[in-house]
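Residues per chain are reported as follows:
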Amino acid sequence: MKGLILAAGLGTRLRPITSLRPKPIIAVANRPLIHYAVDDLLDAGVRDIGVVVSPDTRDALREALESYSDRASFTYLLQDPPEGLAHAVMVSRDFLADEPFVMYLSDNLFEHGIRPFVEAFRPEEGVNAVLALVAVDDPRAFGVAKVEDGRITDLVEKPEHPPSNLAVAGVYVFDATIHDALDGLEPGAKGEYQITDAIHRLIRRDLKVAPVQLEGWWKDTGKPDDILDANRLILSRSRRRIDGDVNESRLLGEVVVEAGATVRRSTVVGPALIGAGCVVEDAYIGPFTTLGDGSSVRDAELEYAVLGPSASVRAVHGRIASSLIGASVVVEGNETRPRSHALVIGDYGRLVLADT
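Residues numbered from 1 in each chain as written. Predicted model: local features only at pLDDT ≥ 70, side-chain atom pairs only at ≥ 80, totals over all residues. Heavy atoms only, no water.

Caption draft 1: Examining the overall build of the protein more closely. Regarding its fold elements, the protein presents eight helices and 28 strands. Here the protein holds 356 residues, and 49% of them are scored as buried. Nonlocal contacts in the protein, meaning residues at least 24 apart in sequence, comprise 51% of its contacts between residues at least 6 apart. Here the protein has roughly 17,100 Å² of accessible surface; of this, 45% comes from carbon and sulfur atoms. (Helix = DSSP H or I, 4+ residues; strand = E, 2+ residues; numbered from the N terminus. Buried < 20%, exposed > 50% of the residue type's maximum accessible area, 1.4 Å probe, protein only. Contact = heavy atoms within 4.5 Å. Areas by Shrake-Rupley, 256 points an atom, 1.4 Å probe, with all protein chains shown as cover.)

Written out as structure tokens, the structure reads:
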């Protein structure tokens, strides 16, 4: 079985974080999102992996995956411009050939991986496709599956009156019949080729599309709040490990201090991750916070936050919370008069200033 990771999207809802880097290499708990996808594929026994990229994402993704070169084989497949999930499969036709494959959306995270979905693909039992489903409170914002007698009999995209509470998550397994279903497919209202339309064709041909309801959490990291929540979920699995230098500080709970990091005269409450080469001085680092490699926090407080690599927070009065701060960003307080805010903010940035 082959793997197909979709990583050509521009991540516009994550701007300005994605203005200079592709969404799949945005870090969650100091690891690129796409690493979680590759880990899940390897765990499921899939090592021949196609990565669907755009001209803007190809080089950065190739570099991000270099560390896996001895464990997986990657083929980079150009989708220019990105025109939907079904279009990604179309441009990957030569790579996929007639082999079954698992398609993984690179901005999705699964607590327990994807092995159950791959194992449910049993062609000897007449299964042609497998869809991951998750029970959600309000399915109207998702593609929703109708399930009868152990098979998916209908899919409805963002329905006003959902046929179930089972939303389609970001992993699919297909055999070669999906390529016939894509032939002659027309784009939808937004000009994109919908994989839902192709799956409808499989269903109408009475081919078996099997549902597998996932266990544990699932996260689609489409927006900044989703990145923060994904960071929280990953950090919740961490275990205390102190490889760096800690002096005159209190570390409470599951705190990870990577090698080369220094924590001085500070309090860190876990779960929290202090990346390699970080400097934390006279600071408070609260739960569910990740500091990227080489970043620094001095005389400041962070909680439920993600600080990018080589970023700096210094002499800030008042706690910074629920914040996503990019790479090499500088946030510093101002003790001089006039007590004004001096800001340099990129396109699509968002800043919330509390009264002081």
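Now, onward.
Caption draft 2: Broad picture of the nonpolar core. Within the largest apolar cluster, 39 residues are counted, with the highest numbers of intra-cluster contacts made by Ile49, Val51, Phe74, Phe110, Ile114, Phe117 and Val130. Counting only elements with at least two residues in this core, the list comes to helix H1 (33–43), strand E4 (48–53), strand E5 (73–78), strand E6 (101–105), helix H5 (115–119), strand E8 (127–135), strand E11 (166–174) and strand E12 (208–213). If you tally residues by element for this core, the top one is H1, at five residues. In terms of nonpolar packing, the next biggest core, distinct from the first, is built from 35 residues, Leu6, Phe101, Ile178 and Ile199 among them. (Core = buried A, V, L, I, M, F, W, Y, C linked by side-chain atoms within 4.5 Å.)

Caption draft 3: Fine view of the side chain of Ser312. Tracing the backbone through its elements, the reader meets Ser312 in strand E26 (residues 312–314). On the accessibility criterion, Ser312 (19% relative accessible area) is buried. Contacts of Ser312, omitting those with residues within four sequence positions, involve Ser296, Val329, Val330 and Val331.

Caption draft 4: Geometry of the pairing of E6. Of all the five residues making up E6, five are buried; the element is thus mostly covered by neighbouring parts of the structure. Here E6 shows two buried faces, one formed by Phe101, Met103 and Leu105 and the other by Val102 and Tyr104. In the sheet, strand E1 (residues 2–6) pairs with E6 via five bridges, with the strands oriented parallel. Its bridge partner lying in E6, Leu4 is registered against Met103. Where E6 meets E11, four bridges bridge the pair, whose relative direction is antiparallel. Paired with Tyr104 across the bridge in E11 is Val171. (Pairing = 2+ DSSP bridges.)

Caption draft 5: Local environment of the packing of aromatic side chains. Scanning the model with the defined rule gives seven aromatic pairs in all. When the ring of Phe110 is compared with that of Phe117, the centres are 6.0 Å apart and the planes differ by 65 degrees; the resulting orientation is edge-to-face. With respect to burial, Phe110 and Phe117 carry one shared label: buried. By way of ring pairs, the aromatic residues Phe101, Tyr172 and Phe174 are connected into one cluster. Just above the ring of Phe95 sits the side chain of Lys2; from NZ or CZ to the centre is 4.4 Å. (Phe/Tyr/Trp six-rings, centres within 6.5 Å; stacked < 30°, edge-to-face > 60°. Lys NZ or Arg CZ within 6 Å of the ring centre and 35° of its normal.)

Caption draft 6: Local environment of the sheet that holds strand E21 (residues 279–281). An order of E15-E18-E21-E24-E26-E28 is seen for the six strands of this open sheet, with the pairing classed as parallel. Edge strands, defined here as strands with exactly one partner in the open sheet, are strand E15 (245–247) and strand E28 (330–332). Recorded for the sheet is a direction-independent mean angle of 5 degrees between the axes of neighbouring strands. (Axes fitted to C-alpha atoms, helices over the stretch in contact; angles between N-to-C directions.)

Caption draft 7: Structural detail: helix H7 (residues 195–204). Among the ten residues of H7, seven are classified as buried, and the element is accordingly described as predominantly covered. Every buried residue of H7 is accounted for by Ile195, Thr196, Ala198, Ile199, His200, Leu202 and Ile203. Backbone geometry just downstream of H7 places Asp206 in the positive-phi region, at approximately 65 degrees.

Caption draft 8: Just unusual backbone geometry, in detail. Here the amide bond leading from Asp80 into Pro81 is cis, since omega sits at 0 degrees, within 30 degrees of zero. Cis rather than trans, the peptide bond between Gly270 and Pro271 has omega equal to 5 degrees. Even without a glycine there, the phi angle at Ser310 is positive, about 65 degrees. The topology assignment puts Ser310 in the loop between strand E25 (301–307) and E26. Not every positive phi belongs to a glycine, and Ser322 is a case in point at roughly 50 degrees. Of note, Ser322 is situated in strand E27 (residues 320–325).

What is shown is where atoms sit, not what they do.
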